[in-house]
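Here are the chains, one letter per residue:
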Amino acid sequence: MESLAFATIQQLKTGYATGAFTPNDVLQDCLNRFKTYDKKLGTALEIFEQRSIVECSNTTGSLAGIPGIIKDNICQKERITSCASKILANYRAPYDATAIGRLKKEGALLVGRANCDEFAMGSSTETSAFQKTFNPWDLSKVPGGSSGGSIAAVAAGLVPWSLGTETGGSVRQPAALCGIVGLKPTYGLISRYGVVAYASSLDQIGIASRTVKDTAAVLEVIAGHDAADATSLGVSAQSYTAALTGKIPEGLTVGIITNAVYAPGVDKAMISAVEDSIKVLRELGATIKEISIPSMDYGAAVYFIISRAEAASNLARFDGVRYGVRADDVTTLADLYQKSRAEGFGSEVKARIIIGNYVLSAGHSKEFYLNALKVQQLMRFEFQQAFKEVDVVLTPTAPSTAFSFDAFADDKLQMDLQDYFTCAANLVGIPAISIPCGFSNNLPLGLQLMGPHLSEDRLLQVAHAYEQRTEWHKHTPQAFL
Amino acid sequence: MEITKEDLLKLAKLSALTLQEEEIPALIKQIKSVLFYARSVQKLANNDLVATQEITHPHLRADSVRLCSSQEIMNEAPEHAEGFFVVPRIIEG
């Protein structure tokens, strides 16, 4: 059997159909690759024992025998779900998240738990309480975050797909930094049931893979209404792969958000890759229109406030009483709460909870929280207006290529500003995808496309046509071949 | 934007967190810089378009009761007995 490293879902399915190899061969190969390479990469917090992986899932279905890895804030029944936090280090999920249940039903093989920033709070996976994850293109660089483990595992060809979660860009930004495809669907398209909440009004499961078609194939399985999630939309999954013709939709207009593309601090190589992408889209037949969405420049500020406010509420449930880790030597109930949380949470999580309580507190909620909600509403309005003129909008996914470890240790705000391009889609609730669009100094660059609510089919179609016209997705990090 | 050590400790208490002395300077620095940046939302807040924006909330399903096994829930607790969570004594007597 040839090496199956970097095989796509579609290639694996063809191999199964022709009898070239079996799901067992593929799973064995996948587990071997984790054994060989993950000491260097640190993508997985745990790889499960082979038999238990197989036993969890059906043997038939649209993803039968296709291995993938799951971010460690999505519940997999009877597995630990730690959110890369000490406070949940021993927590075993009593049930499957809805998305996990659907994947198992369709035969996907869930091989392990992927490392991430603690409670998905970060842009580099450095806040994980357990380990660092390294960028497969250059081990001195971060993979991005917060879903860094999920994304680096796919980028290094250890698995063909993975799930991450998104609150402000946590799938798209690492996908860009690691040179793969990352999708954040419309808010409410994928059930959040079984996803440990960070900021509930923004959180959404995201999908990573090395091709647009593979991302569409996973989306088909996990999208659609779920009564267990209060904010789930009343829509069914579609056949998202069917729309992938290699052509863009007739009469497509792409809006270039000029205030974002040419925002201060965007790397020159990034801008030039975006400009090249625009040429490709034009060759594919798209009409290009320059637009401006001025409120986007305030998106990161709005995101900081709303996400921290919701985090402060959501993380109040970790109290050392009902689940997770409890501090020893406590004499009063207040002690129990405070010490369990102080010992269990890392510094980034503590900072976000404290900021959240500040912006919600009596003296400051109007200045911060209520104003942020208003500006969020303005962003929604401006995007709606834009989508009257154009079908999809385009920006870079991140300001530059992957950065070094500790690059922002002295100025964490600069790390947070990594979210500038991506958090708008979370705040507005629209779908967005990052696709590889070039390299600078041998590190990948990502292009972001966003569309109106529930336009995943069109977004994937455009991304796929772009991908088929370019070669960027065919590059793989040589050290992991 | 000033955040003093006293402010931070008060917020930490509200957040049910104790802080180590050595954590405090870095936290103050980080919180100040985020809040200073986040404050920029005010610049837009007086814009006419913003003033007319109504805040919408997502459509939610009915909040109906669903039963689940209390044993499964209890099994996650660090300490439990006879179907109850065990915590330090709350009422003296």
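Before going into details, it helps to say that this report is about the structure given with it.

Rules used throughout
- Residues numbered from 1 in each chain as written.
- Chains lettered and ligands numbered in written order.
- Predicted model: local features only at pLDDT ≥ 70, side-chain atom pairs only at ≥ 80, totals over all residues.
- Heavy atoms only, no water.
- Disulfide = S-S within 2.5 Å.
- Buried < 20%, exposed > 50% of the residue type's maximum accessible area, 1.4 Å probe, protein only.
- Pairing = 2+ DSSP bridges.
- Helix = DSSP H or I, 4+ residues; strand = E, 2+ residues; numbered from the N terminus.
- Axes fitted to C-alpha atoms, helices over the stretch in contact; angles between N-to-C directions.
- Phe/Tyr/Trp six-rings, centres within 6.5 Å; stacked < 30°, edge-to-face > 60°.
- Lys NZ or Arg CZ within 6 Å of the ring centre and 35° of its normal.
- Contact = heavy atoms within 4.5 Å.
- Buried area = accessible area lost by both parts, 1.4 Å probe.
- Salt bridge = Lys/Arg side-chain N within 4 Å of Asp/Glu carboxyl O.
- Polar contact = N/O pair within 3.5 Å; in protein donor to acceptor, adjacent residues only side chain to side chain.

## A few points about the state of the cysteines
What is meant by a disulfide is a covalent connection between two cysteines, made through their sulfur atoms.
Residue and element names in this part refer to chain A.
Step number 1: Taken as a whole, this structure holds zero disulfides over all chains when the rule is applied.
Step number 2: Of all cysteine sulfurs, the one in Cys75 lies closest to Cys56, which takes part in no disulfide; the gap is 14 Å.
Step number 3: Residue classification places Cys56 among the partly exposed residues on the basis of a relative accessible area of 33%.
Step number 4: Unpaired in this structure, Cys178 has its nearest cysteine sulfur neighbour in Cys437, at a distance of 14 Å.

## What to know about the sheet that holds strand 2 (residues 67-71) of chain A
Residue and element names in this part refer to chain A.
Step number 1: Pairing in this open sheet of eleven strands is mixed, and the strands run 1-3-2-4-6-5-10-11-9-7-8 from one edge to the other. Strands at the two margins of the open sheet, each flanked by one partner only, are strand 1 (44-47) and strand 8 (287-291). Here the average twist between neighbouring strands, direction ignored, is 30°.
Step number 2: Two strands pair when backbone bridges link them, and strand 2 and strand 3 (residues 109-114) are joined in this way by four bridges, in the parallel orientation.

## Things to note about the packing of aromatic side chains
Each aromatic ring pair is summarised here by two numbers: the centre-to-centre distance and the angle between the ring planes.
Residue and element names in this part refer to chain A.
Step number 1: Per the counting criterion, the structure on display carries 16 aromatic pairs over all chains.
Step number 2: A ring pair is formed by Phe403 and Phe408, whose centres lie 4.8 Å apart and whose planes are at 65°; its orientation type is edge-to-face.
Step number 3: Take Phe403: its relative accessible area is 8%, and that puts it in the buried class.
Step number 4: Feature note: the residues Tyr91, Phe119, Phe318, Tyr323 and Phe345 constitute an aromatic cluster, connected by ring pairs.
Step number 5: The lysine or arginine in question, Arg79, covers the ring of Phe48, its NZ or CZ lying 3.6 Å from the ring centre.

## Here's the deal with the interface of chain B and chain A
Step number 1: With 51 residues of chain B at the contact, the number on the chain A side is 60 residues.
Step number 2: Both sides together, the interface formed by chain B and chain A hides about 4,900 Å², and carbon and sulfur atoms give 68% of it.
Step number 3: Broken down residue by residue, the surface that chain B buries against chain A is led by Tyr37, Val41 and Glu76 of chain B, which jointly contribute 13%.
Step number 4: Our count for the contact surface shared by chain B and chain A stands at three salt bridges.
Step number 5: For Glu23 of chain B, the salt bridge is made with Lys350 of chain A, and the minimal N-O distance between the two is 2.7 Å.
Step number 6: Where chain B meets chain A, there are ten residue pairs in polar contact (both at pLDDT 80 or more).

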